[in-house]
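Summary of structural features
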Amino acid sequence: MSDFVQSLRLWFAPQRIRDEGETPDYRFSLANERTFLAWIRTSLALVGGGFAVDQFLPDLRWGVRVGLALALLAAGVLCALRAVNHWVRCERAMRRGEDLPASRFPAVLSLVVAVVALAMVVVVVFGWTG
């Protein structure tokens, strides 16, 4: 069974993680959980930002408004999915005594947010109306 499928199953049965390796120091597990919660807060902020762009910028051209809103909403969805996947991967690595997994996701998310922010700067400065 692939590692991805096994990780996906652990999303819905996290108690099965306890079957792997040794229990890590609780401080590390709690730090992993705090990181998970920080990613979830980020996800909620992105989703809220997407709805705010759609609902509170009615003067923007429809395509621009929907594009910005969808970019933020998609980033929020990906961030939420990444949060649980990263939590499982880190918990498994700690239990196995392995290095923590590296990820390009923070860089990708930062680029998406930067592109949307630059688009919003253009909107604020030049005021696109529909």
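Residues numbered from 1 in each chain as written. Predicted model: local features only at pLDDT ≥ 70, side-chain atom pairs only at ≥ 80, totals over all residues. Heavy atoms only, no water.

As recorded in an unreviewed UniProt entry, the protein chain goes by Membrane protein and comes from Streptomyces gardneri. According to the UniProt record, the Subcellular location (unreviewed entry) comment for the protein chain is "Cell membrane". (UniProt positions renumbered as here; feature names shortened; annotations may be inferred.)

**Some details on the environment of Pro-24**
Tracing the backbone through its elements, the reader meets Pro-24 in the loop between helix H1 (3-12) and helix H2 (26-56). The exposure class of Pro-24 is buried, given its relative accessible area of 10%. Sequence separation of Pro-24 and Asp-54 is 30 residues, and the distance between their C-alpha atoms is 44 Å. If near-sequence neighbours (up to four positions away) are discounted, Pro-24 is found in contact with Ser-29, Glu-91, Met-94 and Arg-95. (Helix = DSSP H or I, 4+ residues; strand = E, 2+ residues; numbered from the N terminus. Buried < 20%, exposed > 50% of the residue type's maximum accessible area, 1.4 Å probe, protein only. Contact = heavy atoms within 4.5 Å.)

**A closer look at the side chain of Asn-85**
Following the sequence through the fold, Asn-85 ends up in helix H3 (residues 62-96). The exposure class assigned to Asn-85 is buried, which follows from its relative accessible area of 19%. Not counting chain neighbours up to four residues away, the residues in contact with Asn-85 comprise Ser-7 and Trp-11.

**Points about the side chain of Arg-95**
By the secondary structure assignment, Arg-95 is in helix H3. Despite being buried, Arg-95 has no salt bridge partner; Glu-91 is the closest side chain of opposite charge, sitting 4.2 Å away. If near-sequence neighbours (up to four positions away) are discounted, Arg-95 is found in contact with Ile-17, Arg-18, Glu-20, Gly-21, Glu-22, Thr-23 and Pro-24. (Lys, Arg positive; Asp, Glu negative; His and termini not counted. Salt bridge = Lys/Arg side-chain N within 4 Å of Asp/Glu carboxyl O.)

**A word on H2**
Counted at 1.5 Å a residue, the expected span for H2 with its 31 residues is 45 Å, and the 44 Å between its end C-alpha atoms agrees. Taken as a whole, H2 has its buried residues at Ser-29, Asn-32, Trp-39, Ser-43, Leu-46, Gly-50 and Val-53. Against H3 and helix H4 (105-126) lie the buried residues of H2. (Expected span 1.5 Å × (residues − 1).)

**Overview of the UniProt feature "transmembrane region" (unreviewed entry) in the protein chain**
As recorded in UniProt, the sites labelled "transmembrane region" (unreviewed entry) are residues 36-56, 62-84 and 105-128. Along residues 36-56, the helical share is 100% and the strand share 0%, with 30 Å between the first and last C-alpha atoms. Along residues 62-84 the backbone is 100% helical and 0% strand, and the end-to-end C-alpha distance reaches 33 Å.

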